[in-house]
Amino acid sequence: MDWPEGLDGNSFSGVARLANVSPRGAKAAEILKRHRLLDCLVAYQPEVVGTLPLAIDTPDSDIDILCNVPDLAAFSEFSDRVFGHFDGYGLHQRPATSHVAAALVVRFECDGLPVEIFATNCPTRSQYGFVHMLVEAKILFVMGDEFARQVRALKQSGIKTEPAFARLLGLSGDPYIELAELVSLSPPQLCQRLGVGGN
């Protein structure tokens, strides 16, 4: 048994899914289309990720966009030119860690919603942000609505998404690594790993 339609990587591309998951998701999709943000970023393999496509967002959630950028300095100049007119615009360099290459993080506000672009030299669908979203979608599928409610509650208390999932699932170790390692599991394998019967 494989994952049903809607839980593969292709299902998350563009704004179609985002537009149909929640009222805030629909607003985010409309903003992306109105300002052609993904069109502006098309050369960088943009992918919208995070809590909005999963409908586990909170009032503080932003529109998260991943980009594959080989030249961060050039992307910084590009961002200044293309996004610099938006309210709250700013960017900062994020140094490399043991698991993630150096990145440029661009932030601004667009029609009342915060936007964050995470740019690093890695294919977007291989970046942790995309992998985590895919894993979390699968976990939500097998765990159900009450689990999603608990995730939102933890997030509203100030806990970030991956640590919230890890806490509820009883995962030990680095939650970002632990969740990423679940990405290739089938539905029965994931249910067995999490010790649940599935939805």
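Everything that follows concerns the structure shown earlier in this document.
Residues numbered from 1 in each chain as written. Predicted model: local features only at pLDDT ≥ 70, side-chain atom pairs only at ≥ 80, totals over all residues. Heavy atoms only, no water.

Caption draft 1: A look at the nonpolar core. With 34 residues, the main nonpolar core has Ile-139, Phe-165, Leu-182 and Leu-190 as its most contacted residues. Among the secondary structure elements, those contributing two or more residues to this core are strand S4 (103-110), helix H5 (128-143), helix H6 (145-156), helix H7 (161-169), helix H8 (175-180) and helix H9 (187-194). Residue contributions to this core peak at nine residues, all from H5. Contact partners of Leu-182, with chain neighbours within four places excluded, come to Val-135, Ile-139, Leu-190, Arg-193 and Leu-194. Counting residues in each nonpolar core, the second largest holds 29 residues, with Tyr-44, Ile-63, Val-106 and Ala-119 among its members. (Core = buried A, V, L, I, M, F, W, Y, C linked by side-chain atoms within 4.5 Å. Buried < 20%, exposed > 50% of the residue type's maximum accessible area, 1.4 Å probe, protein only. Helix = DSSP H or I, 4+ residues; strand = E, 2+ residues; numbered from the N terminus. Contact = heavy atoms within 4.5 Å.)

Caption draft 2: A look at the sheet that holds S4. Strand order in the open sheet made by the five strands is S1-S2-S5-S4-S3, with mixed pairing throughout. Two strands bound the open sheet, and with one partner strand each, they are strand S1 (47-49) and strand S3 (87-94). Shown here is a sheet whose adjacent strand axes are inclined to one another by a mean of 20°, direction ignored. Contacts from helix H2 (residues 23-34) reach S1, strand S2 (63-68), S4 and strand S5 (113-120), with the element oriented near 65° to S5. Its contacts with the sheet place H5 against S1 and S2, and it is angled at close to 55° to S1. (Pairing = 2+ DSSP bridges. Axes fitted to C-alpha atoms, helices over the stretch in contact; angles between N-to-C directions.)

Caption draft 3: Quick look at the packing of aromatic side chains. Scanning the model with the defined rule gives seven aromatic pairs in all. Centroid distance Tyr-44 to Phe-75: 4.9 Å. Interplanar angle 85°. Geometry classified as edge-to-face. Remark: Phe-75 occurs in helix H4 (residues 72-83) and Tyr-44 occurs in the loop between helix H3 (37-40) and S1; sequence separation between them is 31 residues. With 5.6 Å between their ring centres and 65° between their planes, Phe-147 and Phe-165 make a pair best called edge-to-face. (Phe/Tyr/Trp six-rings, centres within 6.5 Å; stacked < 30°, edge-to-face > 60°.)

Caption draft 4: Structural view of the layout of surface pockets. In this structure, the largest pocket occupies an estimated 1200 Å³ of space. In terms of lining residues, the largest pocket is bounded by 38 residues, among which Asp-64, Glu-116, Lys-160, Glu-162 and Tyr-176 are the most central. With five residues, H5 is the single largest residue contributor to the lining of the largest pocket. Of the residues in the lining of the largest pocket, the class split is 13 nonpolar, 14 polar and 11 charged. Roughly 210 Å³ of volume is contained in the second largest pocket. For the second largest pocket, the lining is made up of 14 residues, of which Arg-17, Leu-54, Ala-55, Leu-140 and Phe-141 are closest to its centre. Of all the secondary structure elements, the ones that give two or more residues to the lining of the second largest pocket are helix H1 (16-21), H5 and H6. By residue class, the composition of the lining of the second largest pocket is 10 nonpolar, one polar and three charged. (1 Å grid on protein atoms, 1.4 Å probe; cavity = no way out; pocket = protein on both sides within 12 Å on 5 of 7 lines; lining within 4 Å. Points joined across faces, edges and corners; volume = space filled by probe spheres on them. Nonpolar A, V, L, I, M, F, W, Y, C, P; charged D, E, K, R; others polar.)

Caption draft 5: Main features of the pattern of salt bridges. On inspection of all chains with the given rule, the structure shows eight salt bridges. As a salt-bridge pair, Arg-34 and Glu-30 come within 3.7 Å of each other at their nearest N and O atoms. Here the residue Arg-34 and the residue Glu-30 both occupy positions in helix H2, the gap between them amounting to four residues, near one helical turn. Glu-30 sits in the partly exposed class, given a relative accessible area of 36%. In this structure, Asp-111 engages Arg-34 in a salt bridge whose closest nitrogen and oxygen atoms are separated by 2.2 Å. With Asp-111 in the loop between S4 and S5 and Arg-34 in helix H2, the pair connects residues that are 77 residues apart, well separated along the chain. The exposure class of Asp-111 is partly exposed, given its relative accessible area of 39%. Accessibility expressed as a relative area gives 46% for Arg-34, which makes it partly exposed. Sharing partners across several salt bridges, the network here consists of Glu-30, Arg-34 and Asp-111. (Salt bridge = Lys/Arg side-chain N within 4 Å of Asp/Glu carboxyl O.)

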